[in-house]
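One-letter residues, chain by chain:
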Amino acid sequence: MEDPSKSTTSEAHTLSDSVDLDDATRSEMEKAGVIVSSVDWLYNWARSGSVWPLQFGLACCAIEMICSAGSRYDIARFGSEVFRPSPRQADLLIVSGTVTKKMAPQVVRIFNQMPEPKYVIAMGACAISGGPFKQGYNVLKGIDRYIPVDVYIPGCPPRPEAVLHSLMTLQKGIRRQRTLGKGSNNPAYVEGNREYPVPSFSGKDLDPPYNPEVWQPPEKRPNMPEDGCP
Amino acid sequence: MTMESSVVAGSEPTVEPRGFELIEREGLETNLLEVSMGPHHPSTHGVFRMDVKLDGETVTELRPVFGYLHRNHEKLAEDMGYLGSMPFTDRLDYFCSMTNNWAYALAGEKMIDLEVPERAEYVRVIMAELTRLVNHIMLVGFFVNDLGALGTPLLYALREREKILDLFEWASGARMMCNYMRFGGLRNDLPEGWLTKCREVVDAFPYFLDEYEKLLVENEIILVRTQNVGVLKPELAINAGITGPMLRASGVNYDLRKVDAYGVYDRFPFRVPMGEVGDCYDRFMVRILEMRESIKILRQAMDELPEGPIMGEAPRVFKPPAGEIYGRIEGPKGELGFYLVSDGTAKPYRYRVRPPSLVNLTVLEDLCLGHKVADAVVILGSVDIVLGEVDR
Amino acid sequence: MDLLGSGIFKGMAVTLKNFAMTYFDRGRKERLPTVQYPEAGDTVTLFTRNFPFLIYDGEEEVDGMRCVACQICERECPPACIYIVKEKDENGKFVKRPKVFDIDVSVCMGCQICVEVCPFDAIVMDSEFEYSKEDRFGDLLFNRDELLKSNDYYHKIHPEEAQARDANLAAKKAADEAKKKAREEKAAAAAAAKAAAEKEASEKKDSPEASEPVAEEPKAEPAAPSENHAKAESEAKEKPAAEETPVEEPAAATDETEDAKEESSGGSEGKETSEEPEETAGSGEDDEKKAEEGEGVS
C-alpha cells in the first residue's frame, strides 16, 4: 500500500491517472454537479466499504473484537457487516491476540485459504511483536514474520474504537491501491494469489524462523554507536 | 483423561465408552470417523482443539488438545518482581481480571501477613461480584450462541457487559485489563460518583435478568438441547477436582466464599444455588441464579462500604520471607489459586496458578461420550473455559 | 403443560419488544445507544489509560521536562518496553535529562506501573488510542519528542489526577527547599564528619558492608521534612527514598553520584529484577537496541 503518486510520476499518463483526484476536489466537483470517476475509484470504493472480517479469535483481544462487533460499537457501520466463520468468505484477517509457535502454522494456513484481495490487521501488542509475552519461549515475536500485515493496532488490548480506527486506516489504504494501469500496486493482481509457506516444527523452533518474502530483520539503527549513546 | 467410565443418564443411545467395536450388520458397514474440531473453530471459545472419534454422529472418543495459547505466564512471573506479575494475571482469564488480581494479591498478602483495610476489602468484594456478573452473562451469551442462537442473546449480554466495563474503566482506567489491586489494598480509590453509577447499574440488572430468563429459560429448543446432556455425577465431579458453578450444578454444596470466607465474605448472607441433575441446563441455570445472589451481595456491600484508607501498610519493596503459600478465591469459574514459593528474594522461586478452567476441562470426555457431536459443542460451552487460563 | 413452542414465542416477544422500544425511548441511557465513534469519539472516561507520555512544565518542551532519567521506570516495566539513555554534557557528566527516551508501544501493555514507580510524576498515562499505523518499526516506536506533552494537556485529559499530582509536586518542592535549608546549616558540621567517614569507608571498600552506611545516610534525611506535609508523606511512602539524591546532588563528585545511583537501583528492588528481562529481550531481533543497553548503562 504505497502512495500511488510516488509510483506514477512519469509523463506516461494512463486513464486512471488522468482522473486521479483528491477527495476534496472530487467533492467540490460533485457539488457543482459533475461526477468524475474512474474504474479504480469505483472499484476501491466498493471494496473498502465491504471488508468482511474472519471470525477468528486468538486471545484477549478477540473479546474486544467481539465488542466492536456488538451493538455498542457496531463495526457494521463501516461495512464490515458480518464476521465470517470460514476463511473462504472473508476479506480481512484480524489476528487478535498472542500467536504462539503452536498456533502460527494455523494462522498462516488460514491466510493462505483466504481469497484475494485479502488484508491483515495485527491487533494488539502480542500480534505485533509478542507484546508483554515476547520474552516467552513459546510466543511468536510478531505475526508479520510470516504474513504481510497491512495495519497494526497497538494496545493491550486496544479499545473497540481503536479497532474501528484501524478499519478506517485500512479503508484509506485500500482506496489508495491501484488495480488498472501502469502503476498497479494491488498485490492481489500483481502477485496473484499470495500463499506463503506454512512453518512447521523442526527440532526446537519453527522452521523457517521467518518468511524472507515478507519480513527481514530490521537494520541496526544507523546512528547508534557501540556504547548505546547516540 | 478419563477419571472413570461414566454412565450417561437420561439419554437413550447409550454407547459403551471404551472398547468400542465396529458394528457388523448385514450389508452395512460403518467406519469410525475422526474429526479435528479446532483450533480455529467458531465454537471452541478460543484456540482449542477437540479430536473427536465419531460413530455416525455419536462421540465415542474425545481428546482435548490445548496449548495453543501457552504464553509462559508462570515462567515469566518467576523472572520478574512480585508486583510486575500483577498486570500479567489480568491476562490469565481475560473476562475476570479483577478476581485474578484479587487471588494473586491474596496470595501475596498471606506471604507477609499483610492487613488489608476495611474499605479495600469491600471494594474488592464489589469488583469481584461485578466481575462475576460479567463472566456469567458472557458465558450465557456464548453458550446459547453455541446452541445456534446466533447474535441476539449474545448482543444483549454484550450490552450489559459494556455497562459494567464502563464502571471498571472509570475506577481502574482500563476496560478489560484492570490491574487494580495491589498487595495490601487497591491502586486508587473509587472516583467520586462511581458508587452512584454502580448502584444504577446494579439496580437495573435484575430487570435485564428477568428479560433474559424470559428470552431463554423456557425456550423449548434450549430445553431439548441442554437437559440430560452432559450429565456430571457428583462423585466424578469431586474426584476430578471440579470447582465453581460446574460443581454446584452437580449438587455439591461447595463455595469458597462460604467455606473459606476470605476477605469479608462472611458478613454477607447469600445463598449458594445448586443443581440437581448436573446437566448442561443445570450449569446454565446455576449461573443465572448466581448472578441474582451476586446482586444481593453487591447491594449490601455498597450500603456498608466504609470510609477509610484503601492501602494497608505495604512494604515499599515486596520481599517475602522464604516459604510457600497458597492463596485461593472463588473465581467466577471456580477455585482460582496462586501457589507461590519464595526463597527470600524479590522474585518468586516458583509461581503456579491453579486454573479452574483447566481442571474443569478434564472431564470433558466423560461428559461428551455417547452424545452427538453437536452436543459436544454445547457441553464445552457449558463447562466455561477461557483458553488464556487453560494454557496460561 | 403449556403449549409446545410457547417458550419460543415468549422469547420472540422479548426481542420484538426490545426492537420496538428502540424507536420510543431512544434517549434512555440504559439502552446504551451506539457510539458514533469517528464523529463523536468522546467515549473515554476521565481515568482511561492507554499509553504513557512524558510531561513538561511551562512552554519549553525539553527544558521543562520533569524526567530526570533515573531509569526506575525502565527497570520496573514488566514487558521492558522503555529504553532510556542519559544525556551527558560536554564534560561527560550526566545531566538530569534523558537523551533518548523510547517507548515501544507495540510492546507496551498499558499497565501503569511506570507511572506508579516514577518518583517525579514525570510519566503519566494518556487516553489517546488512535494509533493504528501501517508501519511497525517507524511509527510504533515513540521517541522522546513524540512522548513529550504539556502539563496543560494532562490537565485537559485527566483533570482530577493532574491536580492531585501538581499539589503533590508543590508539596514536595516545599519540602525540598526546607530540607535544603536544613542541609546548608548542617553542611558545615556534616562535612567534616562525612569526610572522615568516607575515608574509613574507602579503606574498607573491598568488603561489601562498606556501602551500607553510605547508603543509609540520605535515606534518613527525607523523613524529617516530609512530616510537615501530610500530602507529601502519604505519597512519599510508596516512593523510593532514593528519589531525593539525584536532585540534590547535581554536580557532586562522580564517586558520590555513583553511590547514589547504586543505592537507587538497589532500593527499588530493581537490580535483580531488571537484569534478566533486558537480557532476554535482547534475543529478539527487533530489540537489538536493548542488547546494547546493557553496555550503555553500566
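What counts and how
Residues numbered from 1 in each chain as written. Chains lettered and ligands numbered in written order. Predicted model: local features only at pLDDT ≥ 70, side-chain atom pairs only at ≥ 80, totals over all residues. Heavy atoms only, no water. Helix = DSSP H or I, 4+ residues; strand = E, 2+ residues; numbered from the N terminus. Buried < 20%, exposed > 50% of the residue type's maximum accessible area, 1.4 Å probe, protein only. Contact = heavy atoms within 4.5 Å. Areas by Shrake-Rupley, 256 points an atom, 1.4 Å probe, with all protein chains shown as cover. Pairing = 2+ DSSP bridges. Axes fitted to C-alpha atoms, helices over the stretch in contact; angles between N-to-C directions. Salt bridge = Lys/Arg side-chain N within 4 Å of Asp/Glu carboxyl O. Polar contact = N/O pair within 3.5 Å; in protein donor to acceptor, adjacent residues only side chain to side chain. Nonpolar A, V, L, I, M, F, W, Y, C, P; charged D, E, K, R; others polar. Core = buried A, V, L, I, M, F, W, Y, C linked by side-chain atoms within 4.5 Å. Patch = residues over 30% accessible without salt bridge, like charges linked within 9 Å, V, L, I, M, F, W, Y side chains within 5 Å. Lys, Arg positive; Asp, Glu negative; His and termini not counted. Charge placed at Lys NZ, Arg CZ, Asp CG, Glu CD. Phe/Tyr/Trp six-rings, centres within 6.5 Å; stacked < 30°, edge-to-face > 60°. Lys NZ or Arg CZ within 6 Å of the ring centre and 35° of its normal. Domains from an automatic or database assignment. Parallel < 35°, antiparallel > 145°, perpendicular 65-115°, else oblique. Left-handed = near helix turned anticlockwise from the far one by under 90°.

What follows covers the overall build of chain C. Helix and strand counts for chain C come out as 13 helices and six strands. Counting the 298 residues in chain C, one finds 44% classified as buried. For chain C, contacts bridging at least 24 residues in sequence account for 70% of all contacts bridging at least 6. In the form shown here, chain C has an accessible surface area of approximately 15700 Å², with 54% of it arising from carbon and sulfur atoms.

What follows concerns the overall build of chain A. Scanning chain A from terminus to terminus reveals nine helices and five strands. Its helices and strands taken in sequence order, chain A reads α-α-α-α-α-β-α-β-α-β-α-α-β-β from the N to the C terminus. Residues classed as buried in chain A amount to 56% of the 230 residues present. Long-range pairs, those at least 24 residues apart, make up 74% of the contacts in chain A with a sequence separation of at least 6. As presented, chain A carries roughly 9600 Å² of accessible surface, and 55% of it is formed by carbon and sulfur atoms.

Residues and elements named next belong to chain B. With antiparallel pairing, the three strands of this open sheet are ordered in space as 8-9-10. Edge positions in the sheet fall to strand 8 (323–331) and strand 10 (348–354), since each of these pairs with one other strand and no more. On average, each strand axis in the sheet is inclined to that of its neighbour by 10°, with strand direction left out of account. As defined by bridge partners, strand 9 (residues 334–342) adjoins strand 10 across six bridges and the pair is classed as antiparallel.

On to the interface of chain B and chain C. Each side of the interface is counted separately: chain B has 38 residues, and chain C has 36 residues. The closest approach of N and O atoms between lysine 10 of chain C and glutamate 218 of chain B, which form a salt bridge, is 2.6 Å. On the surface where chain B and chain C come into contact, there are 15 residue pairs in polar contact (both at pLDDT 80 or more). Where the side of chain B that touches chain C is concerned, the elements lending two or more residues are helix 2 (86–90), helix 5 (152–172), helix 6 (194–216) and helix 7 (220–226) of chain B. With eight residues, helix 5 of chain B is the largest single contributor of residues to the side of chain B that touches chain C. A breakdown of the residues in the side of chain B that touches chain C according to their chemical character gives 15 nonpolar, eight polar and 15 charged.

Here we come to the environment of leucine 170 of chain A. Considering the arrangement of structural elements, one finds leucine 170 of chain A in helix 8 (residues 160–176). Considering only alpha carbons, one finds leucine 170 of chain A and leucine 140 of chain A, 30 residues apart in sequence, at a separation of 24 Å.

Before going further, it helps to spend a moment on the nonpolar core. Leu93 of chain A, Met127, Leu130, Tyr180 and Leu364 of chain B together with Phe101 of chain C are the most contacted members of the largest nonpolar core, which totals 208 residues. At 17 residues, the largest contribution of residues to this core is made by helix 4 (residues 118–147) of chain B. Sequence-distant contacts of phenylalanine 101 of chain C, that is, excluding residues within four places in its chain, are made with Leu54, Cys67, Cys73, Ile82, Tyr83, Ile84, Ile123, Phe142, Asn143, Arg144 and Leu147 of chain C. In terms of nonpolar packing, the next biggest core, distinct from the first, is built from 24 residues, Phe78, Met123 and Met168 of chain A together with Phe129 of chain C among them.

Our focus in this paragraph is the sheet that holds strand 5 (residues 141–142) of chain C. Residues and elements named next belong to chain C. Judged by pairing direction, the sheet is antiparallel, and its three strands sit side by side in the order 2-3-5 without closing on themselves. Only two strands of the sheet have a single neighbouring strand rather than two, namely strand 2 (82–88) and strand 5. In this sheet, strand 5 lies alongside strand 3 (residues 94–104) in antiparallel orientation, the contact comprising two bridges. Across the sheet, aspartate 104 pairs through a bridge with leucine 141, a residue of strand 5.

A separate point is the pattern of salt bridges. Applying the stated criterion to the full structure yields 53 salt bridges over all chains. Close ionic contact of arginine 187 of chain B with glutamate 116 of chain C constitutes a salt bridge, the shortest N to O distance being 3.9 Å. Placement of arginine 187 of chain B in the loop between strand 7 (185–186) and helix 6 and of glutamate 116 of chain C in helix 3 (residues 113–117) is noted, with the two residues assigned to different chains. Overall, the relative accessible area of 17% leaves arginine 187 of chain B in the buried class. Using a relative accessible area of 24% as the deciding quantity, one classes glutamate 116 of chain C as partly exposed.

So, about a negative patch on the surface. Residues and elements named next belong to chain C. On the surface, Glu59, Glu60, Glu61 and Asp152 cluster together to form a negatively charged patch. As for its placement among the helices and strands, aspartate 152 is situated in helix 5 (residues 151–157). Overall, the relative accessible area of 59% leaves aspartate 152 in the exposed class.

Before going further, it helps to spend a moment on the pairing of strand 4 (residues 49–55) of chain B. Residues and elements named next belong to chain B. Within strand 4, six of the seven residues are buried, which leaves the element mostly enclosed by the surrounding structure. Pairing of strand 4 with strand 5 (residues 58–65), which is carried by seven bridges, proceeds in the antiparallel orientation. Residue valine 52 lies in a different strand from strand 5, and its bridge partner there is leucine 62. Where strand 4 folds back on strand 5, the antiparallel hairpin that results is connected by two residues, among which glycine 56 adopts a positive phi of roughly 70°.

A few words on the packing of aromatic side chains. Any two aromatic rings considered together are summarised by their centre-to-centre distance and by the angle between their planes. For the structure on display, the rule yields 27 aromatic pairs over all chains. Between tyrosine 281 of chain B and phenylalanine 284 of chain B, the aromatic rings sit 6.1 Å apart at their centres with planes inclined by 45°, giving tilted as the arrangement. Separated by three residues within a single helix, tyrosine 281 of chain B and phenylalanine 284 of chain B lie in helix 11 (residues 280–304), roughly one turn from each other. In this structure tyrosine 281 of chain B comes out as buried when scored by relative accessible area, which is 13%. Members of the aromatic cluster, connected to one another through ring pairs, are Tyr82, Tyr104, Phe183, Phe318, Phe338 and Tyr351 of chain B. Here the guanidinium or amino end of lysine 102 of chain A rests over the ring plane of tyrosine 68 of chain B, the centre of that ring lying 4.7 Å away.

What follows covers the domain arrangement of chain C. One widely used convention gives an interface's size as the accessible area the parts lose upon coming together. According to the domain assignment, chain C contains domain 1 (8–43) and domain 2 (51–157). A straight line from the C-alpha centre of domain 1 of chain C to that of domain 2 of chain C covers 41 Å.

At a minimum axis separation of 10 Å, helix 5 (residues 60–69) of chain A and helix 5 of chain B run at an interaxial angle of 105°. Put simply, helix 5 of chain A runs roughly perpendicular to helix 5 of chain B. For the pair helix 5 of chain A and helix 5 of chain B, the contacting residues are Ile63, Ile66, Cys67 and Ala69 of chain A in the first and Leu155, Leu158, Arg161 and Glu162 of chain B in the second. Each residue belonging to the contact of helix 5 of chain A with helix 5 of chain B can be placed in one class, and the counts come to six nonpolar, no polar and two charged.

All names here are of chain B. Direction vectors running N to C along helix 11 and helix 14 (residues 373–383) enclose 30°, while the axes themselves pass 9 Å from each other. Taken together, the axis directions place helix 11 and helix 14 in an arrangement best described as roughly parallel. The handedness of the crossing between helix 11 and helix 14 comes out as left-handed. Contacts between helix 11 and helix 14 involve Cys280, Arg283 and Arg287 from the first element and Val378, Ile379, Ser382 and Val383 from the second.

Take the pairing of strand 9 of chain B next. Residue and element names in this part refer to chain B. A large share of strand 9 lies buried, amounting to eight of its nine residues. Relative to strand 9, strand 8 runs antiparallel, the two sharing nine bridges. Bridge pairing in strand 9 links arginine 328 to glycine 337. Linking strand 8 to strand 9, which pair antiparallel, is a turn of two residues. Between strand 9 and strand 10, which pair antiparallel in sequence order, lie five residues; one of them, glycine 344, sits at a positive phi of approximately 90°.

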